[in-house]
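Each chain, letter by letter, is given below.
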Amino acid sequence: MGEHEIRPAVGGDVAAVKAVTDAAYHPYIERIGVVPVPMEADHAANVAAGKVFVTGDPVIGLVVLEEHDDHLFLDSIAVHPDAHGRGVGRLLLQFVDARARALGLPEVRLYTNAMMWENQKIYPKYGYELVERRADGPYDRLHYRKRLD
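Throughout what follows, the structure given in this document is the object of discussion. (Residues numbered from 1 in each chain as written. Predicted model: local features only at pLDDT ≥ 70, side-chain atom pairs only at ≥ 80, totals over all residues. Heavy atoms only, no water.)

**Some remarks on the environment of F53**
Short version of the rule: To qualify as a helix, a DSSP run of H or I must reach at least 4 residues; to qualify as a strand, a run of E must reach at least 2; elements of each kind are numbered from the N terminus. Only protein chains enter the calculation, and the probe is 1.4 Å; a residue is then buried if its accessible area is under 20% of its type maximum, exposed if over 50%, and partly exposed in between. The criterion used for residue contact is that any of the two residues' heavy atoms lie within 4.5 Å.
Mapped onto the elements, F53 comes out in strand β2 (residues 52-55). Judged by relative accessible area, F53 falls into the buried class, the value being 6%. Sequence separation of F53 and V96 is 43 residues, and the distance between their C-alpha atoms is 9.6 Å. Not counting chain neighbours up to four residues away, the residues in contact with F53 comprise I6, R7, P8, A9, G61, L62, V63, L65, F95 and R99.

**A few points about helix α1 (residues 14-25)**
Worth spelling out the cut-off: Take the number of residues in a helix, subtract one, and multiply by 1.5 Å to get its expected span.
With 12 residues, α1 extends 16 Å from end C-alpha to end C-alpha; this agrees with the ideal 16 Å at 1.5 Å per step. Buried within α1 are the following residues: V17, V20, T21, D22, A24 and Y25.

**Structural notes on the sheet that holds strand β1 (residues 6-8)**
Applied cut-off: Strands were regarded as paired on the criterion that DSSP finds at least two bridges between them. Whenever a helix is involved, its axis is fitted only over the stretch in contact; in every case the axis is a line through C-alpha atoms, and angles between N-to-C directions fall within 0 to 180 degrees.
Read from one edge of the open sheet, 7 strands run β1-β2-β3-β4-β5-β7-β6, paired in mixed fashion. Of all the strands in the sheet, just β1 and β6 (129-136) have a single pairing partner and so form its edges. In this sheet, adjacent strand axes meet at a mean angle of 30° when their direction is disregarded. Pairing of strand β5 (residues 107-113) with strand β7 (residues 139-147) involves 7 bridges; the strand directions are antiparallel. Across the sheet, residue T112 finds its bridge partner in β7, namely L142. Its contacts with the sheet place helix α4 (residues 88-102) against β1, β2, β3 (61-67), β4 (72-79), β5 and β7, and it is angled at close to 160° to β4.

**Let's talk about the environment of L130**
Tracing the sequence through the fold places L130 in strand β6. Considering only alpha carbons, one finds L130 and D13, 117 residues apart in sequence, at a separation of 33 Å. Setting aside residues no more than four positions away along its own chain, L130 makes contact with L142, H143 and Y144.

**Some remarks on the pairing of β4**
Along any regular strand the residues' side chains alternate between the sheet's two faces. Convention followed: If the strands point away from the viewer and the path from the first strand over the helix to the second runs clockwise, then the crossover is right-handed.
Most of β4 sits inside the fold, with 7 of its 8 residues counted as buried. Taking the residues that link successive antiparallel strands as the turn, the β3-β4 hairpin has 4 residues. As judged from the 2 bridges shared by β4 and β5, these two strands associate in the parallel manner. Looking at the pairing, L72 lines up with V108 of β5. The parallel pair β4 and β5, bridged by α4, forms a crossover whose chirality is right-handed.

As structure tokens, this is what we get:
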């Protein structure tokens, strides 16, 4: 697999998907006061359902996507801290756009915790607009969308 290739995750990737997700989200536990939702996901079920796409060998980045009738939902994006600054996140976000277009979906949606302020700087650079801020239980979430032309 090429360094910048993105492929559907397979059963053998589940441990790596968990490891990369945990490494990416662990720093936020103390800041937001709860375990980020992606860390508690059923990674095996998501992989089996075809929702997870990975890059790197070993895996250094991934996205978890959910197809809906009118949009593609970016449930999680994770890049291992050791791979930060290498363009992996940009590559993954470009893949999400391409995947939505291939599925004929007009927009991508996501949300991020309001305490994950790094993300609030990143998503607008890639064409996402803030739609609303909403509390979901213990989570204070910022909802974004990106309309695809």
